[in-house]
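Examination of the molecular architecture
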Amino acid sequence: MEELYKENILNHYRNPHNKGELLSFTFMGEGKNASCGDEIFFYVKLDNDEKVEDVKFFGNGCAISQASASMLTDKIIGLEFSQIKSLTPGDIYNMLGIKISQGRVNCALLSYEALNRGVKNFELSKNEK
Ligand code: ZN
């Protein structure tokens, strides 16, 4: 079973989904993992109902960090903003489907952190209005 998940991670790494930049987006967040050199930028565009209309990520780094970003874009497209806010690290681990060793936790959760940073920026900007 674990092999299937590994295969899936490698597929996402080699052929990432929704990779690129959005010129028009509602919020973006970035994450950097110094220990591994991973970098992720997450761009999210919400529609008028605060549903994810489009999402792209950009970055580079190890297979786990890039695959988790690719999978996360697939996961959140069409979700409501409130649903994105309630995602947990456990959701990311479930999505990856393999045991993440202590040393790779930062890699696995980098896209989640980048997304969350964007979520917080968006909420701050809403409060200012
Ligand atoms: Zn990494």
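Residues numbered from 1 in each chain as written. Predicted model: local features only at pLDDT ≥ 70, side-chain atom pairs only at ≥ 80, totals over all residues. Heavy atoms only, no water.

1. Considerations on the coordination of the zinc ion
- At 2.0 to 2.3 Å from the zinc ion lie its protein donor atoms, namely Cys36 (SG), Asp38 (OD), Cys62 (SG) and Cys107 (SG).
- The site at the zinc ion holds four donor atoms, and with the angles between them running 103 to 114 degrees, its shape is tetrahedral. (Donors = N, O, S within 2.8 Å, 3.2 Å for Na, K, Ca; no water. Tetrahedral: all angles 85-135°; square planar, octahedral: opposite > 155°, others 65-115°.)

2. Here we look at the sheet that holds strand E2 (residues 38-46)
- Overall, antiparallel pairing links the three strands, which are arranged E1-E2-E3 in an open sheet. The sheet is open, and its two borders are formed by strand E1 (27-33) and strand E3 (52-60), each paired with just one other strand. Between one strand axis and the next, the sheet turns through 15 degrees on average, direction left out of account.
- With seven bridges joining them, E1 and E2 adopt antiparallel strand pairing. What sits directly across from Glu30, in E2, is Phe41.
- Docked against the sheet, helix H5 (residues 105-128) engages E1 and E2, running at close to 145 degrees with respect to E1. (Pairing = 2+ DSSP bridges. Helix = DSSP H or I, 4+ residues; strand = E, 2+ residues; numbered from the N terminus. Axes fitted to C-alpha atoms, helices over the stretch in contact; angles between N-to-C directions. Contact = heavy atoms within 4.5 Å.)

3. Re the packing of helix H1 (residues 2-14) against helix H2 (residues 63-76)
- Two numbers describe how H1 lies on H2: the axes approach to 8 Å, and their chain directions differ by 85 degrees. By the angle between their directions, the pair H1 and H2 is classed as roughly perpendicular. Of the residues in H2, those touching H1 at Asn8, Ile9, His12 and Tyr13 are Ala63, Gln66, Ala67, Ser70, Met71 and Asp74.
- Here the contact of H1 with H2 is built from residues that sort into five nonpolar, four polar and one charged. (Parallel < 35°, antiparallel > 145°, perpendicular 65-115°, else oblique. Nonpolar A, V, L, I, M, F, W, Y, C, P; charged D, E, K, R; others polar.)

4. Description of helix H4 (residues 89-96)
- The complete set of buried residues in H4 reads Ile92, Met95 and Leu96. Across the axial projection of H4, the buried residues extend over an arc of 95 degrees, all falling on one side.
- Those residues of H4 that are buried lie in contact with H1, H2 and H5.
- Downstream of H4 by a residue or two, Gly97 has a phi angle that is positive, lying close to 80 degrees. (Buried < 20%, exposed > 50% of the residue type's maximum accessible area, 1.4 Å probe, protein only. Arc of directions from axis to C-beta.)

5. Section: the pairing of E1
- Covered by surrounding structure in E1 are Phe27, Gly29, Gly31 and Asn33 only, the residues Met28, Glu30 and Lys32 on the alternate face being uncovered.
- Between the end of E1 and the start of E2, which pair antiparallel, lie four residues, with Gly37 showing a positive phi angle near 80 degrees.

6. Observations concerning the environment of Phe25
- Looking at the secondary structure, you find Phe25 in the loop between H1 and E1.
- What makes Phe25 partly exposed here is its relative accessible area of 36%.
- Beyond its immediate sequence surroundings of up to four residues, Phe25 is in contact with Tyr43, Val44 and Lys45.

7. A short note on the nonpolar core
- Phe42, Val44, Ile76 and Leu115 are the most contacted members of the largest nonpolar core, which has 35 residues in total.
- Elements with a minimum of two residues in this core: E2, E3, H2, helix H3 (81-85), H4 and H5.
- Of the residues forming this core, the biggest block, ten residues, is contributed by H5.
- Residues within four places of Ile76 in sequence aside, it is in contact with Phe42, Val44, Val52, Val55, Ile84, Leu87 and Leu115. (Core = buried A, V, L, I, M, F, W, Y, C linked by side-chain atoms within 4.5 Å.)

8. Observations concerning the pattern of salt bridges
- Summed over all chains, the structure comprises six salt bridges.
- Between Glu30 and Lys32 there is a salt bridge; the shortest N-O distance is 3.5 Å.
- Residue Glu30 is classed as partly exposed on the basis of its relative accessible area, which comes to 33%.
- Of the charged contacts in the structure, one is a salt bridge between Glu50 and Lys126, with a shortest N-O distance of 3.2 Å. Residue Glu50 is found in the loop between E2 and E3, and its partner Lys126 is found in helix H5; the two are separated by 76 residues along the sequence. (Salt bridge = Lys/Arg side-chain N within 4 Å of Asp/Glu carboxyl O.)

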